[in-house]
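Descriptive structure summary
Listed below are the residues making up each chain.
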Amino acid sequence: MAAYLCPPAVIHGEHAVKTSEIVAEVRDRHPHAAWTPRIDGIAASTGIETRGWMLPLETAVAPGKGNGLRAVGIEPAQQALTRDGFAQQDVDRVVAALESIPAPQTVQERTAPAWEAVQAYGERAARGALQTAGLDAADVDCLITSHSTTPALPGLDMTLTNRLRLRSDVMLLPATQWACIAGTRSLALAADLVAADPDRVVLVVISEALSTTYQPADDTLESLIVRLLFADTAVAAVVTGRPRPESVLRLDAAWHHTLPGTQDLHRLETRADGAHFVMDRRGPRAVQETVTAMWEWLRARYQDDPDAWHPDVLLAHPGGTRVLEYMEQTMPDTWPPGLLDHSRDSYTSGNRGGAAVFDILRRAHDAGLRKPGDRAVLYAAAPGLTATALEGQWL
């Protein structure tokens, strides 16, 4: 396989949103929800105190530009009330009351500013990755992009093609529905592309505004958890078929796994007021099945040396800390402790979705603890449920 990865560029959301601010906003909006008495404990259990968003919290909780009459209009409402026998004075009073009720934001109102931010952040990450790799935009032969939280056509691939002034013959591979698996699966695809042509240069860009799933009106426990978990991040990295002075990781093998019949456990739904991330409590257990399958892949891959081999670092995005704990519990006893330290460190400032693995990789690189020859395993799971892992060596 032999693909070479340069250090990723990571652009965090510039608006710091404190967990205490989210708790205060939710408690004020839903004082009678069944989980309100437990909200402080639920928030503390995430381990997240602050996360970065591309847009401020005030933007997510702001009312829409319309009012309670937006769906039907003033005149139809007046006619309906008149037909039901309301006097004109009462009709005017009811209509005035409905006009004073702010409507929730529409899909367009929620998505449009986030899409602008996703493009701007993606461009910054792409330029940073090229600079880190010592390359120019003219060197790029293929562009892989992902941005599941802001659907658009044309997408981020076309935005970057124009803003970076990529060559007209660059291969564009948008993968907008990869979600949390975008980091590992984009690297697996890039590795296949450079294996076919070792002189090919692949640029991967993932930009996610997960804060668009913050839905103020939702009052379920799952929606509370969604509010508390997500962060916004753009990442980018260059993959080549030949080692470069800037290369930090060689990717040697990839593994894919999909669980049939699990497509409803985690999903992103588009409703009148925007995107809603829906979680099922059975999700973590299903993700654990993919972890078990990955361990089996690694065991089979190194069956000739089962006792001596172990990864020196695990760059894992399994969607939550519960699965990280499961990973630690199911590792062989002979493996060294602390393999998931960088993954845990990344989670303390939010779940970054598809950008997470690149962020974790950057943290591992910046820590300066890795030495040439160290083995790395990259893993991510996503709605589907599907997982991709890669195994490689630090350079």
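The rules behind each value
Residues numbered from 1 in each chain as written. Predicted model: local features only at pLDDT ≥ 70, side-chain atom pairs only at ≥ 80, totals over all residues. Heavy atoms only, no water. Axes fitted to C-alpha atoms, helices over the stretch in contact; angles between N-to-C directions. Helix = DSSP H or I, 4+ residues; strand = E, 2+ residues; numbered from the N terminus. Parallel < 35°, antiparallel > 145°, perpendicular 65-115°, else oblique. Left-handed = near helix turned anticlockwise from the far one by under 90°. Contact = heavy atoms within 4.5 Å. Nonpolar A, V, L, I, M, F, W, Y, C, P; charged D, E, K, R; others polar. UniProt positions renumbered as here; feature names shortened; annotations may be inferred.

This brings us to the packing of helix α1 (residues 19-29) against helix α9 (residues 221-229). Helix packing geometry: the angle between the two helix axes and the distance between the axes. Axis separation between α1 and α9 bottoms out at 10 Å; the angle between their running directions is 150°. What the angle tells us is that α1 and α9 run roughly antiparallel. Here α1 runs over α9; the crossing is right-handed. Listed contacts from α9 to Thr 19, Ile 22, Val 23 and Val 26 of α1 are Leu 224, Arg 227 and Leu 228. The class makeup of the residues in the contact of α1 with α9 is 5 nonpolar, 1 polar and 1 charged.

Here we take up the UniProt feature "active site" (unreviewed entry) in the protein chain. In this structure's numbering, the residues bearing the UniProt feature "active site" (unreviewed entry) are Cys 180. Residue position: Cys 180 is located in the loop between β6 (171-174) and α8 (182-196). Among residues more than four places away in sequence, those in contact with Cys 180 are His 317, Gly 353, Gly 354, Ala 380, Ala 381, Ala 382 and Pro 383.

This part is about unusual backbone geometry. Of note, the amide linkage connecting Leu 153 to Pro 154 takes the cis form, showing an omega dihedral of 0°. Positionally, Pro 154 belongs in the loop between β5 (142-146) and α7 (156-163). Residue Leu 385 is bonded to the preceding Gly 384 through a cis peptide linkage, with omega at -15°. Along the chain, Leu 385 falls in the loop between β13 (375-382) and β14 (386-394). Unlike most non-glycine residues, Arg 165 shows phi in positive territory, near 60°.

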